[in-house]
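Report on the structure
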Amino acid sequence: MIPAHEALFRLHAGNRRFVAHARDPDPAPGRNIELTLEQEPFAIILGCSDARVPAEMVFDQGLGDLFVIRVAGNIIAPSLVGSVEFAAERFHTRLVVVLGHSRCGAILATIEELRKPTERQSPNLRSIVDRVRPSVEGLLATPLGKDHDTLVHHAVRANIRASADHLRHGSRVLEQLIQYDGLRVVGAEYSLETGVVDFFDGAPELVPSPSS
Ligand SMILES: [Zn+2]
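Let me begin by describing the structure that accompanies this report. As the structure is a computational prediction, the values presented were derived from the model and not from experiment. (Residues numbered from 1 in each chain as written. Predicted model: local features only at pLDDT ≥ 70, side-chain atom pairs only at ≥ 80, totals over all residues. Heavy atoms only, no water.)

Let us look at the coordination of the zinc ion. Around the zinc ion, the donor atoms from the protein are Cys 48 (SG), His 101 (NE2) and Cys 104 (SG), and they sit 2.0 to 2.3 Å away. Here the donor residues of the zinc ion are spaced in sequence according to C-x52-H-x2-C. Of this pair, Cys 48 sits in the loop between strand E1 (43-47) and helix H3 (55-58) while Cys 104 sits in the loop between strand E3 (95-101) and helix H5 (105-115), placing them 56 residues apart in sequence. Take Cys 48 and Cys 104: they sit in the same class, and that class is buried. (Donors = N, O, S within 2.8 Å, 3.2 Å for Na, K, Ca; no water. Helix = DSSP H or I, 4+ residues; strand = E, 2+ residues; numbered from the N terminus. Buried < 20%, exposed > 50% of the residue type's maximum accessible area, 1.4 Å probe, protein only.)

Here's what the structure looks like:
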C-alpha cells in the first residue's frame, strides 16, 4: 500500500515531468501481463471530462497507475462517490485527488445559466449545473462577480473545494478510512495555460504550491 504523501509526491513529480515534456523513459517491464490479473492504482482521480485534461497524461503515469473517474465539472453525485469508495476499499488506494482546471466549461455554463436562465436546458445537463451552482452563486453577489475572469477563477476553486469536502464528509466509508486508515482527499487545479497542477486544498504542507 502506498501512503497518501508518497502518492502525492509521485503525482507532483509526474506533473513536473509533463510540464518539462520529459516523460518517464522506464516503464516497468512485463507490466501488461501483470495488469491482466490485478490493479493497484496508487491514486484515485476525480477529474473533469474536458478533453484537454487527461489525468494519466498531465501526471505522466502509465497503465494501472491511476483509478480515474471523469465527469463534466468534477462534480459529486452518488455513483461518483461510490466509485471512489470502491477503489479506496478494494485496492487500498490512499490518495484521492479532485482535479479541476482553469476555464472549466461546466463553470462557465453555470455562470451563464445564473445570469441568463434558459428554459429548454436538458434535465440531465441541468443536474450538473445544479451541483456546481452553490459554488458560484455566493461569489456572484460579491465584488468578484463584477470581473468575469476573476469570478471564473474563484468559482473553479470553490467548486473543487466543494467536491473535496463532499468526499471527506459525505460518505461514511470514506470518513472512516480518513479517520483510521490514512486516506487523504486533496483538491487540485490544472492550468490549461501552463500545464501545472496546483494542489491547493488539503495538501499545502506536502507539495509546494507553484504560486508560492
Ligand atoms: Zn472542465
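Summed over all chains, the structure comprises five aromatic pairs. Measuring from ring centre to ring centre gives 6.3 Å for Phe 67 and Phe 86, while their planes differ by 45 degrees; the resulting arrangement is tilted. Placement of the pair is Phe 67 in strand E2 (residues 66-70) and Phe 86 in helix H4 (residues 78-90), with a sequence separation of 19 residues. On the basis of an interplanar angle of 90 degrees and a centroid distance of 5.6 Å, the ring pair of Phe 86 and Phe 91 is categorised as edge-to-face. Classification of Phe 86 as partly exposed rests on a relative accessible area of 36%. Clustering of aromatic rings is evident, with ring pairs tying together Phe 67, Phe 86 and Phe 91. The aromatic ring of Phe 42 is capped on one face by Arg 10, whose charged end is 5.0 Å from the ring centroid. The lysine or arginine in question, Arg 157, covers the ring of Phe 200, its NZ or CZ lying 4.1 Å from the ring centre. (Phe/Tyr/Trp six-rings, centres within 6.5 Å; stacked < 30°, edge-to-face > 60°. Lys NZ or Arg CZ within 6 Å of the ring centre and 35° of its normal.)

Further remarks concern the pattern of salt bridges. What the rule picks out here adds up to 10 salt bridges. Put simply, Arg 10 and Glu 6 hold a salt bridge, and the shortest N to O gap is 3.5 Å. Here Arg 10 and its partner Glu 6 are both found in helix H1 (residues 4-19), four residues apart, which amounts to about one turn of the helix. Between Arg 17 and Asp 60 there is a salt bridge; the shortest N-O distance is 2.6 Å. Of this pair, Arg 17 sits in helix H1 while Asp 60 sits in the loop between H3 and E2, placing them 43 residues apart in sequence. Assessed through its relative accessible area of 3%, Asp 60 is described here as buried. One network of salt bridges, in which partners are shared, links Arg 157, Glu 189 and Asp 198. (Salt bridge = Lys/Arg side-chain N within 4 Å of Asp/Glu carboxyl O.)

Looking now at the pairing of strand E5 (residues 197-201). Burial analysis of E5 places five of its five residues in the buried class, the great majority of the element. For strand E4 (residues 184-190) and E5, the ladder comprises three bridges, and the chain directions are antiparallel. Across the sheet, the residue bridging to Glu 189 is Asp 198, located in E5. Count of turn residues in the E4/E5 antiparallel hairpin: six residues, of which Gly 195 carries a positive phi of about 85 degrees. (Pairing = 2+ DSSP bridges.)

Looking now at the environment of Cys 104. On the basis of relative accessibility, which here comes to 2%, the residue Cys 104 falls in the buried class. Taking the C-alpha atoms as reference, Cys 104 lies 15 Å from Ala 55; in sequence the two are 49 residues apart. With sequence-adjacent residues up to four places away left out, Cys 104 is seen in contact with Cys 48, Gly 73 and Val 156. (Contact = heavy atoms within 4.5 Å.)

This part takes up the sheet that holds E3. Strands sit in the order E2-E1-E3-E4-E5 across an open sheet of five strands; the sheet is mixed. A strand with exactly one partner marks an edge of an open sheet, and here the two such strands are E2 and E5. Strand-to-strand, the axes of this sheet are offset by a mean angle of 30 degrees, without reference to chain direction. Where E1 meets E2, five bridges bridge the pair, whose relative direction is parallel. By the bridge assignment, Ala 43 is partnered in E2 with Leu 66. Sheet contacts for H1: E1, E2, E3, E4 and E5; angle to E3, the most-contacted strand, approximately 35 degrees. (Axes fitted to C-alpha atoms, helices over the stretch in contact; angles between N-to-C directions.)

As a further point, take the pairing of E1. Burial analysis of E1 places five of its five residues in the buried class, the great majority of the element. Strand direction decides the pairing type here: E1 and E3, joined by four bridges, are parallel. The partner of Ile 45 across the bridge, within E3, is Val 97.

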